[in-house]
Each structure stands twice: as structure tokens, then as C-alpha cells.
Amino acid sequence: MSITKDGGNGHQGRDDPPHVTTVLSNGDVPDHLAEMSGDAAALAALGYKQEFKREFSVWTSFAVSFAVMGLLPSIATTMWYGIGYAGPAANTWGWLVSVIFINCIAASMAELASSMPTSGGLYYAASVLAGPKYGPFAAWVTGWSNWFVQVTGAPSVNYGNASMILAAASIVNPSYVPSSYQTFLLTTFIMIVHACISSMPTLWIAWFNSVGTFINITVLFIVIIIIPTATDNVPKFQPSSVAWGVDNLTDWPDGVAVLMSFLAICWTMSGYDAPFHLAEECSNAAIASPRAIMMTSISGSVLGFILNALIAYTITDVQAVIDTDLGQPWAAYLVQVLPQKVALAVLALTIVCAFSMGQGCMVAASRVCFAYARDDCFGVLSKPLKKVNKHTLTPVNAVWFNTFVGILLLLLIFGGSAIDAIFSIGAIAAFIAFSIPIFIKIAFVRNKFKRGPWHLGRFSLPIGILSCSFILVITPFFNFPQTNGANLTAQNMNWTSLVYGAPMLFIIVWFFVDAHKWFKGPKINVAHHIYKSDISIEGIEVSEKKHDVESGASSAKGSSM
């Protein structure tokens, strides 16, 4: 990983185009570059005008990203799919193996973020790298898959949080058994609170997430200290043969069970793309955004392993934790290894962290929705979704649209195991969106890729290959049900392939039937002109005349890269 030059935040002082990978065609540059800050000029060169205030830094971008990843609440809410599939091995060597590849994916994404620091993120990258002929379809699939990740993020986190709150009530009052409608109503309430916070001005949101991240990190260390010191187990720790061993709770062979358990790890570690989507609100984004991505991925890998290893060494009965009447395995685990009052205190801290995580998910999702609506991905809904509130300067309409869709998804609570699909979708849809631009870069663009100031150098290709290979191998296992054969019923079926596959099939059919006529990928919304023909900026072809964005005097046509 290297940095060739600072992206800067000062003025350009010249009419040269910034060194970015852009949709603008060769020799076509935005107007008034000399009057713009470095960040605004880079964004203009990407084809977009500056609409947000740049009040995020490396730290606050990392804060949102770490909050979205939410190690403690993520691990707490996905125990069903990790240790619940393969036992303690999922938390120890399973975690170590998977995070090697996950960090490769994060590094490849960080390189893209430095080259194309825009809220469109992976969607924009897929379009530009695939070229005018295939770019619209690549952007369409990447964008919609990534939006599915974002729109399921807050509901899944808040569902887990609501389950923990109700589990705490059950611990205090053992006769209380939460109902599905109570879980739904509590989750919906949390969603609405998060939507209100995410509609605030950027500076307020950045402050809220900074505080939330401080709480997340602090609580994580507190929990790591409390579990081994306060446990009343005798002996305190299980032998390494148990902590690193496979306890297969599925009907599949041990190897398959371990691969299935990677779902919990991949879902937990999927929040590192948030700085990419916040790039238009971040100062010195071409360097700060990729740094924040790697800070999130590396810190999450290390701290996540420590917490998971503690769980593996202290849990005494995996089956009892997974099948608990409390309806939440993390709560059951805490009661199993800690005195009740201490367990409730740790559970309360986890609930606070989960609230912060859900809010971070809501912010990231709104920025993705805004970026895609700006390019008319949502058809007739794009016009209201791409509006920026004139008072808060944030995409308020996008926030509430995602909230509405998220609440509809929460109706899966009444379908029993169907609610599990929103967790699987989070991992599968993320990996598909992550892999498309990375694969295009290493398979087709290769040495023609225009690096940003932060890049991987000669390691870019091998790291990209490792990233795509891991995604190709692991994704099918996220669709496997825990049982098979005669034990498989509609109640315990894994419905991920239907809940994710059906909408994606509709999206693809929509593109070929109608959307290809009007969707051409990222849309330029800055005034621009032909500067000189030998500038190496690749993208869509525009007419030789000056383009007036406000009047829409001219339009762009595709050309090969």
C-alpha cells in the first residue's frame, strides 16, 4: 500500500483535470477548475458538482464505518450463523482464515475509492471500468445489489437489537416470552428514531457517530475484560482442543459447516465500504477514504478475533446457547458464563452499541440511495430521492425511503426463519457488489487502471485475484439451510436465494426490457468543456460543444474505452 501524492484540499490554481478515473471522455474537463478546492475539483472531474459539506475526516469516516461494522453487536446478533453452525472453530481458526481474504477485498476496494472518491462508490467504479458498452449493465447490477445490502443493514441490526432488549426482559422476568408483533413494533420504533437522526445536518451526524464509535470501542474493551475476569465457570476456560474444534450443529459434513459459518464473519466484517459512500462529504477524500476503509477492516479483524476467541474459550454448552428460550444466543451465552447482574450489564452495553451501529447503517444507506437516484437508477422515484434538503444539506428523502423499505422487510419476522434471509442477503449482496468492479479491474482493465494517490502497487493484481476467488468459493454456502434431507422443512429452509434472487432477477429483466433505453450509468451534472485531446481521462463521449448542466443543452453518448 502506498501514497503517491496528497490529494489536498486547497485550490487547484490551474485548469488541469485532477488525476481520477472518470466518466468524462478523453480531453473533456469541468469548467472553473481553478476556482475549486482539491476535493471539489476531483469530484467535478468525476462528473458531479459538490452538494454536501465536507465535514468528515479520516477519523469521522472511520467512525461511521466502525459503527456500521459494530463488532460487538454484530458478533452478538450473528451467533446463530457462526458458532451455531460449526461450533467454537467458527470463532477461532474460521475467523482467522476468512479475515485474510476479507482484508484483501477491503484493500482492493480502498484502491478503487482513491481513484474514484464519489458516493456512488462501487457502482460508479463498475460503470467506468466496464466501459460505455457494458458499463450501464455492470453499474445497474452492482448498484442494485449494493443497495440491497444497504437497505437490509439497518433492519437486520435493529432486529437483533430489539431481540436483545426483549431477551433482557425475559432474563429479569422468566415468565415473559416475547411475541413476533412485539419484536416487529420495537424494531420499527428503533428504525424511525434512526431515520430522524440520519436526517440531521452532516456535522451533527458526524458528531453522533464519533461518540457512537468511542462508545463501541470502549465497550468492546470493557466486555473483553469482563468475560474472563467475571466468569463463574469452573474451570474458567475450555481447553484449546475444544475452543479450536468443530462442533457441527448442521446436517452437512464438518467442512461445509465451517464454510457456512463464514456467513457470520462476512456479515460482521462488511461495513468497511461506508467511507467510500461518504467520500463526497470527506475532506481529502482520495486519501482519507481508503485509509478509513483499511482502518476499519484491520481493526475489526484484530478486535473481532479477540472477542470471538474469548467466546470460544468460555462457552460451555453451544447447543443450549443456540436453542435458548430467550430467543437470542448472545443473551443466553452471557447468562451461561456470567452472574446474572453482570450478564445484564454486558447485554445493556451491547444494546447501546447496537443502537449506534444501526444508525451508522442508516446514514450509509441514505448516501448510497442518493447517489444512485442522482443517476436515475430508481426510475420515476429518482427525482425526489436525489433531492438534498435545503436546511440540513442531507438527503432526507433517501433516508425515509430506505426506512419505509426496511420496515416492509421486517414483516419477514412473521414468517419464522424467513427473517434470517436479511442477514444472508447482507453478506451475499455485498460480496456480489464488491466483486464486480474488482473483477473487471483485474480481468479486463489491468495495467490501464488509473490509480489514485493511495494504491496497492504491484500487489494490486494478486490481491484482487484472492478477493474474487474467495467470493466465488464462499458465496454459494450462504444459501445452504442448516438441515437437509428429511429434516428440511419450510420452517427451517434458508430462503436467501428467493428473497435476494427474485428481486435481482426482476432487476436484470427490467434492464433488458426497459431500463437499458434510459439508464446509461453515472450522469454528469457539472458544466464541462473540451480542454485538450491528449489528456488521459477515460469515459463516455460528449459533443465538442460546451455542456450546460442547468439547461441540459447537450447530452452524452457512449464510446469504447
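Residues numbered from 1 in each chain as written. Predicted model: local features only at pLDDT ≥ 70, side-chain atom pairs only at ≥ 80, totals over all residues. Heavy atoms only, no water.

Which parts of the structure should I look at to understand a nonpolar patch on the surface?
A contiguous nonpolar patch, built from Tyr 181, Leu 185, Phe 404, Leu 408, Leu 411 and Phe 414 and spanning about 640 Å² of accessible area, is present on the exposed surface. Among the elements of the structure, α7 (180-198) and α17 (396-409) are those that each provide at least two residues to the nonpolar patch. Among the structural elements, Tyr 181 can be located in helix α7. We classify Tyr 181 as partly exposed; its relative accessible area is 48%. (Patch = residues over 30% accessible without salt bridge, like charges linked within 9 Å, V, L, I, M, F, W, Y side chains within 5 Å. Areas by Shrake-Rupley, 256 points an atom, 1.4 Å probe, with all protein chains shown as cover. Salt bridge = Lys/Arg side-chain N within 4 Å of Asp/Glu carboxyl O. Helix = DSSP H or I, 4+ residues; strand = E, 2+ residues; numbered from the N terminus. Buried < 20%, exposed > 50% of the residue type's maximum accessible area, 1.4 Å probe, protein only.)

Could you clarify how one ought to interpret the side chain of Ser 289 in this entry?
Checked against the element boundaries, Ser 289 lands in helix α12 (residues 285-314). Given a relative accessible area of 0%, Ser 289 falls into the buried group. Ignoring anything within four residues of it in the chain, the contact list for Ser 289 reads Pro 275, Ala 279 and Cys 282. (Contact = heavy atoms within 4.5 Å.)

Looking at this model, I keep getting lost on the pattern of salt bridges. Mind explaining?
A pair can form between side chains of opposite charge whenever their charged atoms are brought close. A complete count under the given rule lists two salt bridges for this structure. Lys 441 serves as the salt-bridge partner of Glu 111, at 3.1 Å between the closest nitrogen and oxygen. On the criterion of sequence distance, the pair formed by Glu 111 in helix α5 (residues 93-115) and Lys 441 in helix α18 (residues 421-445) is long-range, its members being 330 residues apart. Measuring nitrogen to oxygen at the nearest pair gives 3.3 Å for the salt bridge that ties Asp 376 to Lys 386. Taken together, the positions of Asp 376 in the loop between α15 (340-374) and α16 (382-385) and Lys 386 in the loop between α16 and α17 put the pair ten residues apart, joining distant regions of the chain. Taking the relative accessible area as the measure of exposure, Lys 386 reaches 29% and is therefore partly exposed.

I tried to follow the environment of Pro 476 on my own but got confused; where do I start?
For Pro 476, the location among the structural elements is in the loop between α19 (460-474) and α20 (496-513). You can call Pro 476 partly exposed: its relative accessible area is 41%. Each C-alpha atom, one on Pro 476 and one on Met 260, is 9.0 Å from the other, the two residues being 216 residues apart in sequence.

Would you explain unusual backbone geometry in this entry?
Leave glycine aside and you will find that most residues have negative phi; peptide bonds, for their part, are mostly trans. For the bond from Val 234 to Pro 235, the omega torsion is -5°, close enough to zero to count as cis. With respect to the helices, strands and loops of the structure, Pro 235 is situated in the loop between α8 (202-230) and α9 (240-243). Despite not being glycine, Asp 376 shows a phi value in the positive range, around 65°. With a relative accessible area of 18%, Asp 376 lands in the buried category.

I keep staring at the side chain of Gln 359 and nothing clicks. Help me out?
Assignment of secondary structure puts Gln 359 in helix α15. Its relative accessible area of 0% is what places Gln 359 among the buried residues. The residues touching Gln 359, leaving out its near neighbours within four places in the chain, are His 194, Ile 197, Ser 198, Ile 205, Phe 208 and Asn 209.

What is the right way to read the confidence of the model for the chain from this model?
It should be kept in mind that the predicted coordinates are not to be read in detail where pLDDT is low. In the predicted model, the chain carries a mean pLDDT of 83, and the fraction of residues at 70 or more is 84%. Confidence, expressed as mean pLDDT per element, reaches its minimum in the chain at strand β5 (residues 541-542) with 34 and its maximum at α19 with 95. Long-range and interchain partners of residues 5-15, a stretch whose pLDDT sits below 50, account for 34 contacts in this model, where long-range means more than four residues apart. Of the regions scoring below 50 in pLDDT, residues 526-561 engages in 98 contacts with residues more than four places distant in sequence or in other chains. (pLDDT = per-residue confidence, 0-100.)

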